[in-house]
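Listed below, chain by chain, are the residues.
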Amino acid sequence: MDEVTGAQLIAEALKSQNVEYMFGIVGVPIIEVAMAAQAAGIKYVGMRNEQAACYAASAIGYLTGRPVIVIGGSSDRNQETTGAFQEFPQVEACRLYSKFSARPSSLEMIPAVVEKAVRSSIYGRPGATYIDIAGDMVNAKIDRASVRFVSCCPAPPVSQADSREITQAVRLLRAAQRPLIIIGKGAAYARAEKEVRELVEVTGIPFLPTPMGKGVLSDDHPNCVAAARSRALLQADVIVLLGARLNWILHFGFPPRFSPHVKIIQVDLCAEELSNNVRAASALLGDIVAVVRQLLETVRSWRFPSDSQWWLTLKEKMTANAQISKSLALQSTLPMNYYTAFHHISELLPKDCIIVSEGANTMDIGRTMLLNYLPRHRLDAGTFGTMGVGPGFAIAAAVLEQTQKSAQRVVCIEGDSAFGFSGMEVETMCRYKLPIIIIVINNNGIYSGVDPKTWKEMEKMGDMTTIAPPVTLLPEAQYEQVMSAFGGRGYLVRTVEELRSALQESLDNTQMPSLLNVLIDPASDRKQQSHFVLRSYTCY
């Protein structure tokens, strides 16, 4: 007999479904699964924290189009209900948070369950799936001939929108006085950059990217109005949503951030998402690439005038906002502020680098100051605003770039608080010699901190658990030494000159990771928002 173990079946089934990467932390009972994965040709990256492993897997799924499959070991089947080690209803728990959750009923069924998990993850709206592996199945053996092997699942089916809805969408666009296209993460995941570019350039409509939609069209594209985001959202009378949701990131589409009379043309592959929060005037259910092609077939004879009052209004606001940011960026006082640091970082970063970002002000300000020129070259905390994703995302991107030998750099820009969530993953970076550049924007706290002198004065006052503001962290913590401890390069940065020198050295070094600990003013904040009344709405 040609016998195979459960671990081998799992690995071979994943490989047959074109799974190329595995991230995790091994332990009983799944050590053999990781070893079998390597034997099957799957790259295994051992992480320091299971959360970071999932972050990395989700990022590489987004970058490659193969969403995350979570595989968890569980107690032996003959020990269920006995209080076995870490016994827990894992399958039932994961059903709340995943598109598919199951435990193979036998070794014979492992390939079929793996295929369904992969297929479920990429069909419809992409999402995570879970496979539970009982401990006694890992090393159990079976005759290969009795296993039900399944071939690789087909690519997701592509659907088009209803032609009547397409006609309605084009009618709305032609009648619009202030049209706007919002490019979301869904457009990036769908690889729709060619079609979206054509739509924007054929119609002449201004566009606004969501955080993860940045780069689908370059941020320096002449139709990008990100610098006038608030005004564009408020005054637009017709908005085309391309793979973007009207959630908190887009203020739910509600007044006062949107006009109460705005008409939404919504393109989404998830029917349940259509008309969420704001009723869609045209609901285009289908694949973004296919639907945009449908729009192009109908709208080619029309173009929004470049000399319209709408374009003039947006350009005026973009110029004013750019001047405010520039004045902050060029301040020479020390410690630096956010804008000064990001200004000099942006001048040195290669246009093809992948930018990973997380934090509060660090992520928000960095999103406006650091441009993305290519699709899927920005990874950030996303819809959930999850802190701790940065190092895992960066590792995934670097492993992929290492495999593809593209020479594109991965730059992970972290707030000091955010870095604390997954900072030990710098050891993973050093172990695999991933030349990631981490830039910690260190303001001594969460949102804001205090300077060393103030901290010392507070220490004299008594018990710091009752005195230190909850948002504060240890002033001028030397995070760069964490990287140095594992063999990477660490830099403590206080001045513009030190920042530029350290970043250039890190960019020149393609053999090991680096960490720049950039000390900025603890009181540094976002630029003041200007308020003005427009008709009956307030703008920010």
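Bear in mind that the values here come from a model prediction, so they are computed numbers and not experimental data.

Criteria and thresholds
Residues numbered from 1 in each chain as written. Predicted model: local features only at pLDDT ≥ 70, side-chain atom pairs only at ≥ 80, totals over all residues. Heavy atoms only, no water. Helix = DSSP H or I, 4+ residues; strand = E, 2+ residues; numbered from the N terminus. Rg over C-alpha atoms; globule rule 2.2 N^0.38 Å. Buried < 20%, exposed > 50% of the residue type's maximum accessible area, 1.4 Å probe, protein only. Contact = heavy atoms within 4.5 Å. Lys, Arg positive; Asp, Glu negative; His and termini not counted. Charge placed at Lys NZ, Arg CZ, Asp CG, Glu CD. Pairing = 2+ DSSP bridges. Axes fitted to C-alpha atoms, helices over the stretch in contact; angles between N-to-C directions. UniProt positions renumbered as here; feature names shortened; annotations may be inferred. Disulfide = S-S within 2.5 Å. Left-handed = near helix turned anticlockwise from the far one by under 90°. Nonpolar A, V, L, I, M, F, W, Y, C, P; charged D, E, K, R; others polar. Parallel < 35°, antiparallel > 145°, perpendicular 65-115°, else oblique. Core = buried A, V, L, I, M, F, W, Y, C linked by side-chain atoms within 4.5 Å. pLDDT = per-residue confidence, 0-100. Polar contact = N/O pair within 3.5 Å; in protein donor to acceptor, adjacent residues only side chain to side chain.

1. Digging into the overall build of the protein
Along the protein, the regular secondary structure elements total 21 helices and 22 strands. Over its C-alpha trace the protein gives a radius of gyration of 25 Å, about what one expects of a compact globule, namely 24 Å for 540 residues. If one aligns the C-alpha atoms of the protein with their principal axes, the spans along those axes are about 75 × 70 × 45 Å. Within the protein, the proportion of its 540 residues that are buried is 54%. Intrachain contacts of the protein at a sequence separation of at least 6 include 75% that bridge at least 24 residues. Across the protein, 52 positive and 53 negative side-chain charges occur, with their mean positions spaced 7 Å apart.

2. Quick word on the sheet that holds strand S10 (residues 238–242)
On the basis of which strands lie adjacent, the open sheet formed by five strands has the order S9-S8-S10-S11-S12 and parallel pairing. Taken across any chain shown, the strands that pair with only one partner, and hence form the sheet edges, are strand S9 (207–209) and strand S12 (280–285). Averaged over all pairs of adjacent strands, the angle between strand axes in this sheet comes to 15°, irrespective of strand direction. Where S10 lies against strand S11 (residues 263–268), five bridges are found, and the strand directions are parallel. Bridging from a neighbouring strand, Leu242 pairs with Val267 of S11. Strands in contact with helix H9 (residues 193–203) are strand S8 (179–183), S9 and S10; relative to S8, the strand with the most contacts, it is inclined by about 165°.

3. Re the UniProt feature "domain: Thiamine pyrophosphate enzyme N-terminal TPP-binding" (unreviewed entry) in the protein
According to UniProt, the positions carrying the feature "domain: Thiamine pyrophosphate enzyme N-terminal TPP-binding" (unreviewed entry) are residues 5–72. A helix fraction of 51% and a strand fraction of 19% characterise residues 5–72, whose end C-alpha atoms lie 17 Å from each other.

4. Description of the state of the cysteines
Among covalent bonds in proteins, the disulfide is the one between the sulfur atoms of two cysteines. Within the structure shown, the criterion is met by zero disulfides. Note on Cys152: no disulfide assigned, nearest cysteine sulfur contributed by Cys153 at a separation of 4.9 Å. Of all cysteine sulfurs, the one in Cys412 lies closest to Cys353, which takes part in no disulfide; the gap is 12 Å.

5. Structural notes on the sheet that holds strand S6 (residues 129–134)
Spatial ordering of the open sheet is given by S4-S6-S5, a layout of three strands whose pairing is parallel. Two strands close off the open sheet at either side, each with one partner strand: strand S4 (69–74) and strand S5 (101–102). Two strands pair when backbone bridges link them, and S4 and S6 are joined in this way by six bridges, in the parallel orientation. Bridge pairing links Gly73 to Ile133 in S6.

6. What about unusual backbone geometry?
Of note, the amide linkage connecting Val28 to Pro29 takes the cis form, showing an omega dihedral of 10°. Assignment of secondary structure puts Pro29 in the loop between strand S2 (21–24) and helix H2 (31–39). The omega torsion across Pro255 and Pro256 is 5°, close enough to zero to call that bond cis. Structurally, Pro256 is set in the loop between S10 and S11. Within the chain, Gln86 stands out as a residue other than glycine whose phi angle is a positive 55°. The residue Gln86 is located in the loop between S4 and helix H4 (90–95) in this model.

7. Description of the packing of helix H13 (residues 338–348) against helix H21 (residues 496–508)
Taken N-terminus to C-terminus, the directions of H13 and H21 make an angle of 35°; their axes are 10 Å apart at the nearest point. The two elements H13 and H21 meet at a crossing, and its hand is right-handed. Along its contact with H13, which presents Thr340, Ala341, His344, Ile345, Glu347 and Leu348, the element H21 presents Val496, Leu499, Arg500, Leu503, Gln504 and Leu507. Tallied by class, the residues present in the contact of H13 with H21 amount to seven nonpolar, three polar and two charged.

8. Description of the packing of helix H7 (residues 163–175) against helix H11 (residues 288–299)
Axis separation between H7 and H11 bottoms out at 10 Å; the angle between their running directions is 60°. Regarding the angle of H7 to H11, the classification is oblique. Classified by chirality, the crossing of H11 by H7 is right-handed. Counting all contacts with H7, which are made through Ile166, Ala169, Val170 and Arg174, the residues of H11 involved are Val291, Gln294, Leu295, Thr298 and Val299. Residues that form the contact of H7 with H11 fall into these classes: six nonpolar, two polar and one charged.

9. As for the nonpolar core
Grouped together as the largest cluster of nonpolar side chains are 98 residues, with contacts concentrated most on Phe23, Leu379, Ile436 and Ile438. When sequence neighbours within four positions are dropped, the list of residues in contact with Ile436 reads Ala394, Ile395, Ala398, Val410, Cys412, Met429, Pro513 and Ser514. Core analysis: the second largest hydrophobic core is formed by 34 residues, Ile10, Ala11, Ile69 and Val118 among them.

10. Considerations on the confidence of the model for the protein
In this model, the protein carries an average pLDDT of 95, and 97% of its residues clear a pLDDT of 70 or more. Confidence over residues 530–540 falls short of pLDDT 50; this stretch has 24 contacts with residues more than four positions distant or in other chains.

11. Details of the environment of Ser74
Position of Ser74 among the secondary structure elements: in strand S4. Note: C-alpha distance between Ser74 and Ala394 (320 residues apart in sequence) is 29 Å. Filtering out sequence-adjacent residues up to four positions away, Ser74 remains in contact with Pro29, Gln90, Arg103, Asp132, Ile133, Ala134 and Gly135. At 2.9 Å, the side chain of Ser74 forms a polar contact with the side chain of Arg103. Engagement of the side chain of Ser74 in a polar contact is seen with the side chain of Asp132, the distance being 2.8 Å.

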